[in-house]
Amino acid sequence: MTRVLEWADTDLVTSMIELITAPSSLGLRPQTPGHEPGAWRAPAALLEAGLAERLRAVRVVELDHPRYDFEPQPGTRIRNGRTLRAYSMKLAEAVAAALATSRFPVVIGGDCSVLLGCLLGARRGGRCGLLHIDGHSDFHHPNNYDTTASLGSVAGMDLAAATGRGEPILTHWPQVGTPLVADEDVIQLGDRESDVAGPPDDWIPVMDSAIVGLTAQQVLGLGVDQVAKRVIERLDARGLDRVWPHLDLDVLDGEVMPAVDSPGSPGLDFTQLSGLLAKLVRDGRVLGLDVTIYDPELDPETAYAGPIVECLARGLAHHPEEVKTR
C-alpha cells in the first residue's frame, strides 16, 4: 500500500523523505517455540508514534508482512531463505523506485535482513558503499559456523551476505551479481564484542576481511565528531560518492534501549546517535537509511518508540536536497 502525504509548509530539507515499511522478522530465530519474533511490529509502532509526521515524509510505502516458517525451507540452510530472497527483491524495487525519483528512502524494519534488499535497490544505480552501524558485526557465514547443526539466521549474518559470503540464494542477485558491496567499501561502527587492536583511533579489521571498523569502545572514546570525520575521510580515500547506512538500534546502550533482541553495553545514547547520523547525512553521499531490530513486544508500553522517532527526526533533519543517483 502507498500513501501520499502533503505538508502545507514543507521545506526542501525534509520534502524528499519516502518511508518504506518492511515488517519482517524473517532473519531472526524464534526466541519461543512457535512464536515469530516481534521485530516485524516495529513499523506500525513507529508510525503510530508519529514517524511519518516528524520526518514530513511525502510518501509511505508499506510492504506486506511475509510468512515466517519455523521449519527449514527446501534447498537452503538459511532460515526462511527462499522467502527472504523474494522479499529482498520486492524491497529492492521499492528502494530503487524511490531513488529514481530523487527521494530519500528511509526503510523501517523488521530485522537486519532488510539490509540486503536495500543494498540491492541502491546498487541498481551503481557502486555503493555501506556504513554498518550495529552493536555486532553480523558476520556469521558457512565458513565460521556449522551449517548442519543449526539454521543460519540472516539477522546475524547480514554483513557477511552483503559482502558475498554464504549461500548463493542470498549472495547472488539479478543485475548486480555478487557481492552487493566490496569489503573495502564497508565501514562497521559500534561492534561491542570485538577486541580493540592497536591505538584507540585505528581502524580495526572485521574478522578476517578487508572491512574496516571502529568498535563501540572506540566510537565512544573518539566522540561522534571525530568518528564522522574518520568515516568521511575513508569514503574519500575509496572514491565513494554513494553510501547506504544500515542502523541496528542495538548500537544504542542497553540502558537507554533495551527493547532489542540483543541489548548490551557499551553503546551510544540517543543524542550521540542522532548527532552521528546528522553529520554523516549532511556530507551529501548518503542515499537513504534502514533502521532495524526494535521489538515492540519487548516494549509493551511503547516507551521507546517516541525516543526512536525523535532520534531519527534529529538525525535526518538536514539531509541533502538532491539524492545522488550516479
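Figured I'd write up the structure that's included with this text.

Parameters at a glance
- Per chain, residues are indexed from 1 in the order of the written sequence.
- With pLDDT at 70 or above as the cut-off, local features in this predicted model cover only qualifying residues; side-chain atom pairs require 80 or more to be listed or tallied, and sums for whole chains, interfaces and linings still use all residues.
- For side-chain calculations, the full set of non-hydrogen atoms in the structure is used, while hydrogens and water are omitted.
- Numbering of helices and strands starts at the N terminus; helices are DSSP runs of H or I of at least 4 residues and strands are runs of E of at least 2.
- The globule rule is 2.2 Å times the number of residues to the power 0.38, and the radius of gyration it is compared with is taken over C-alpha atoms.
- Each residue is assigned to one of three classes by its accessible area relative to the maximum for its type, calculated with a 1.4 Å probe on protein chains only: buried under 20%, partly exposed between the two thresholds, exposed over 50%.
- Contacts were defined at the residue level, with two residues in contact if any of their heavy atoms lie within 4.5 Å.
- Surface exposure here means Shrake-Rupley accessible area, sampled with a 1.4 Å probe, where a residue is shielded only by the protein chains that are shown.
- In this tally Asp and Glu are treated as negative and Lys and Arg as positive; neither His nor the chain ends contributes.
- Note on charges: their place is set at NZ of Lys, CZ of Arg, CG of Asp or CD of Glu.
- Any two strands with at least two DSSP-identified bridges between them are counted as paired.

## So, the overall build of the protein
- Along the protein, the regular secondary structure elements total nine helices and ten strands.
- Computed over the C-alpha atoms, the radius of gyration of the protein is 18 Å, within 12% of the 20 Å expected from 2.2 N^0.38 for a compact globule of 326 residues.
- Summarising its shape, the C-alpha atoms of the protein cover approximately 55 × 50 × 40 Å along the three principal directions.
- Taking all 326 residues of the protein together, 56% fall into the buried category.
- Of all intrachain contacts in the protein linking residues separated by at least 6 positions in sequence, the fraction that spans at least 24 positions is 78%.
- Carbon and sulfur atoms form 51% of the exposed surface of the protein, whose accessible area is close to 12,800 Å².
- Each charge class in the protein can be summarised by its mean position, and for the 29 positive and 46 negative side chains these summaries are 6 Å apart.

## Some points on the pairing of strand β6 (residues 186-191)
- Where burial is concerned, most of β6 is hidden: six out of the six residues are buried.
- Here strand β5 (residues 129-133) pairs with β6 via four bridges, running parallel. Following the sheet pairing, Ile-133 is matched in β6 by Leu-189.
- Sheet topology note: the β6/strand β8 (residues 212-215) ladder contains four bridges and is parallel. Paired with Ile-187 across the bridge in β8 is Val-212.

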